[in-house]
Amino acid sequence: HRDLHSFPTRRSSDLYAPEQYVMPEWMTVYQFLDTLGRVSTHRKRQYTLDYYLDYFDLLPYKHQRIGVLSNGGKQKINVIQALMDEPDILILDEPLRALDESSIHKMITLLQTRIASKCTIVSTHLVECFEHIPKTIITFPIDVHIPTHS
């Protein structure tokens, strides 16, 4: 029988928020994020969780099942799960997907603050949203030719 504290914890040095996320829709927002937080090394889990839920206007949905949220709400949870541990390296794939204008502004503001002190990699089609943030940008051509066989 192993003690819960003897299990390895999730490394908080780098975290990823994919564009296509998978979440247990039967869990509440809080259950899901708190469960992820329990395997983290972050000691201020509750404060951090409530901070991000409040920041993204999700506190009223804290005890709602994930399945009833909009795609924008699920996207916010996806980003929160990556931010909770305050990782040294954060990789976000299309973090603005499904967000309304107000939420996009909040996300950009949050990332702008984070980029100033930690490595943040953002993959996005909405490059114009990030143009005012000091950063290094690497772009890839969109018109990649895929050969076809006739």
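### Digging into the overall build of the protein
Here is step 1: When its secondary structure is counted, the protein shows 4 helices and 3 strands.
Here is step 2: Seen in sequence order, the protein has helices and strands lined up from the N terminus as β-α-α-α-β-α-β.
Here is step 3: Burial status across the protein gives 39% buried among its 150 residues.
Here is step 4: Of the contacts formed within the protein by residues at least 6 apart in sequence, a portion of 72% connects residues at least 24 apart.
Here is step 5: As displayed, the protein has an accessible area near 9,800 Å², and 56% of this comes from carbon and sulfur atoms.

### Quick word on the packing of aromatic side chains
Here is step 1: For the structure on display, the rule yields 3 aromatic pairs.
Here is step 2: An angle of 75° between the planes, with centres 5.1 Å apart, marks the rings of Tyr 51 and Tyr 52 as edge-to-face.
Here is step 3: Assessed through its relative accessible area of 36%, Tyr 51 is described here as partly exposed.
Here is step 4: Aromatic side chains Tyr 55 and Phe 56 sit 5.1 Å apart centroid to centroid with 90° between the ring planes, which places their arrangement in the edge-to-face category.

### Side note on unusual backbone geometry
Here is step 1: Notably, Glu 94 is not glycine yet its phi reads approximately 50°, a positive angle.
Here is step 2: Here Ala 98, not a glycine, exhibits a phi torsion of approximately 70°, which is positive.
Here is step 3: With respect to the secondary-structure elements, Ala 98 resides in the loop between β2 (89-93) and α4 (101-115).

### Thoughts on the nonpolar core
Here is step 1: Within the largest apolar cluster, 32 residues are counted, with the highest numbers of intra-cluster contacts made by Leu 33, Phe 56, Ile 77 and Ile 80.
Here is step 2: The biggest single contributor to this core is helix α3 (residues 71-83), with 5 residues.
Here is step 3: Non-local contacts of Leu 33, meaning those with residues more than four positions away in its chain, are made with Leu 49, Leu 53, Ile 77, Ile 80, Gln 81 and Met 84.

### Looking at the pattern of salt bridges
Here is step 1: The final tally for this structure, using the stated rule, is 4 salt bridges.
Here is step 2: In this structure, the salt-bridge partner of Asp 50 is Lys 62, at a minimum N-O distance of 3.0 Å. Within this pair, whereas Asp 50 is found in helix α2 (residues 45-55), its partner Lys 62 is found in the loop between α2 and α3, the two being separated by 12 residues in sequence.
Here is step 3: For Asp 50, a relative accessible area of 24% gives the class partly exposed.
Here is step 4: The class of Lys 62 is buried, set by a relative accessible area of 15%.

Reading the values: the criteria
- Throughout, residues of each chain are indexed from 1 in the direction in which the sequence is written.
- In keeping with the predicted nature of the model, local features appear solely for residues at pLDDT of at least 70, side-chain atom pairs appear and are counted solely at 80 or more, and the whole-chain, interface and lining totals rest on all residues.
- The basis for every side-chain value is the complete set of heavy atoms in the structure, and neither hydrogens nor water enter the calculation.
- Think of it this way: any DSSP run of H or I at least four residues long counts as a helix, any run of E at least two long counts as a strand, and we number them from the N terminus.
- Buried, partly exposed and exposed residues are distinguished by accessible area as a fraction of the type maximum, computed with a 1.4 Å probe on protein chains only: under 20%, between the cut-offs, and over 50%, respectively.
- By the convention used here, residues are in contact when the closest approach between their heavy atoms is within 4.5 Å.
- Under the convention used here, a 1.4 Å probe and the Shrake-Rupley method define accessible areas, while residue burial counts only the protein chains that appear.
- In this scheme Phe, Tyr and Trp rings, the latter by its six-membered ring, pair at centre separations within 6.5 Å, and the angle between planes marks the pair as stacked below 30 degrees, edge-to-face above 60, and tilted otherwise.
- In plain words, nonpolar cores are sets of buried Ala, Val, Leu, Ile, Met, Phe, Trp, Tyr and Cys residues tied together by side-chain atoms within 4.5 Å.
- For salt bridges, the criterion is a side-chain nitrogen of Lys or Arg within 4 Å of an Asp or Glu carboxyl oxygen.

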